[in-house]
Amino acid sequence: QQGRPDNFAFVHKSSLFIGLNIVGGDIHSNSEWTTRLTEQFEWTKELIEGNRSSTRSVVIFGHANPNHRHNTFFRPLQAYIQDVLQNEIPMLYVNGDKHEWSYDPNFYEQPSLLRIMVSGGATDLPLQVHVIANEEYVDPVDSFPIDRRLES
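So, here's what we can say about the structure. (Residues numbered from 1 in each chain as written. Predicted model: local features only at pLDDT ≥ 70, side-chain atom pairs only at ≥ 80, totals over all residues. Heavy atoms only, no water.)

### Some words on helix 2 (residues 71–84)
Note: α-helices contain 3.6 residues per turn, so residues at a spacing of three or four share the same orientation.
Phase 1: With 14 residues, helix 2 should cover 20 Å at 1.5 Å per step; its first-to-last C-alpha distance of 18 Å lies within 8% of that length.
Phase 2: Burial in helix 2 covers these residues: Phe73, Phe74, Leu77, Gln78, Tyr80 and Ile81. Each buried residue of helix 2 lies within a common arc of 165° when the element is viewed along its axis, so the set occupies one face.
Phase 3: Looking at the buried positions of helix 2, the neighbouring elements they touch are helix 1 (30–50), strand 3 (57–61), strand 4 (91–95) and strand 6 (113–117).
Phase 4: Residue Gln86 follows helix 2 closely and has a positive phi angle near 50°. (Helix = DSSP H or I, 4+ residues; strand = E, 2+ residues; numbered from the N terminus. Expected span 1.5 Å × (residues − 1). Buried < 20%, exposed > 50% of the residue type's maximum accessible area, 1.4 Å probe, protein only. Arc of directions from axis to C-beta. Contact = heavy atoms within 4.5 Å.)

### Notes on the pairing of strand 3
The side chains of a regular strand alternate, residue by residue, between the two faces of the sheet.
Phase 1: The buried fraction of strand 3 is high, at four of five residues.
Phase 2: Sheet analysis places strand 2 (residues 15–19) next to strand 3, joined by five bridges and oriented parallel. In the strand pairing of strand 3, Phe17 is matched with Val59.
Phase 3: Assessed by its sense of winding, the connection that carries the chain from strand 2 through helix 1 to strand 3 is right-handed.
Phase 4: Bridge count between strand 3 and strand 4: four bridges; the pairing is parallel. Paired with Phe61 across the bridge in strand 4 is Val94.
Phase 5: Taken together, strand 3, helix 2 and strand 4 form a β-α-β motif whose crossover is right-handed. (Pairing = 2+ DSSP bridges. Right-handed = clockwise from strand over helix to strand, strands pointing away.)

### Digging into the environment of Met91
Phase 1: If you trace the backbone, Met91 turns up in strand 4.
Phase 2: Its relative accessible area of 1% is what places Met91 among the buried residues.
Phase 3: When the C-alpha positions of Met91 and Pro111 are compared, they lie 9.3 Å apart, and in sequence the two are 20 residues distant.
Phase 4: Ignoring sequence-local partners within four residues, the contact set of Met91 consists of Ile48, Val58, Ile60, Leu77, Ile81, Leu85, Ser112, Leu113, Leu114, Pro140 and Phe144.

### Considerations on the layout of surface pockets
Phase 1: Estimated volume of the largest pocket: approximately 170 Å³.
Phase 2: Lining the largest pocket are ten residues; nearest its centre among them are Ser119, Asp124, Leu125, Pro126 and Leu127.
Phase 3: Here the lining of the largest pocket is built from residues that sort into five nonpolar, three polar and two charged. (1 Å grid on protein atoms, 1.4 Å probe; cavity = no way out; pocket = protein on both sides within 12 Å on 5 of 7 lines; lining within 4 Å. Points joined across faces, edges and corners; volume = space filled by probe spheres on them. Nonpolar A, V, L, I, M, F, W, Y, C, P; charged D, E, K, R; others polar.)

### As for the packing of aromatic side chains
Phase 1: In total, this model carries nine aromatic pairs according to the counting rule given.
Phase 2: Look at Phe8 and Phe10: their rings are 6.3 Å apart centre to centre, the planes differ by 10°, and that puts the pair in the stacked class.
Phase 3: For Phe10, a relative accessible area of 41% puts it in the partly exposed group.
Phase 4: Their ring planes at 75° and their centres at 6.3 Å tell us that Phe41 and Tyr80 sit as a pair that is edge-to-face. Linking Phe41 in helix 1 with Tyr80 in helix 2, this pair joins segments that are 39 residues apart in sequence.
Phase 5: Judged by its relative accessible area of 6%, Phe41 falls in the buried class.
Phase 6: Of the residues examined, Tyr80 reaches a relative accessible area of 5% and is grouped as buried.
Phase 7: An aromatic cluster is present here, built from Phe41, Phe73, Phe74, Tyr80, Tyr93, Phe107 and Tyr108 joined pairwise through their rings. (Phe/Tyr/Trp six-rings, centres within 6.5 Å; stacked < 30°, edge-to-face > 60°.)

And the structure:
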């Protein structure tokens, strides 16, 4: 993202992958926080729109476990998924932050949005997520099958 080298995006096999510096913790500057989250949403939307004809799924990586302090990003994303995309593209948000496992279909009350929160840490086994990008819409639970039983 222009001006934000900590964010990245790429397309691989009809899937759009977006990495965003969405952080948890204390807010040191409300204006910086709001600006960053707003710009990240706008960039995410531009990426999806710019790749919409060829994108079959979207994966967003961020650190934060979303809460009310992240509404500047997640509420517009929720509206965009519902009103513009009409829940027709399966999406996955992967985060850490709380260092506990969570698997949340219908995240932010959007049937096309799945959230996986990984616990992380040196003792956790790897998590394998398959990204299946079909021509027709597939429920995110089926679009992003996981395997938590991998051996290290």
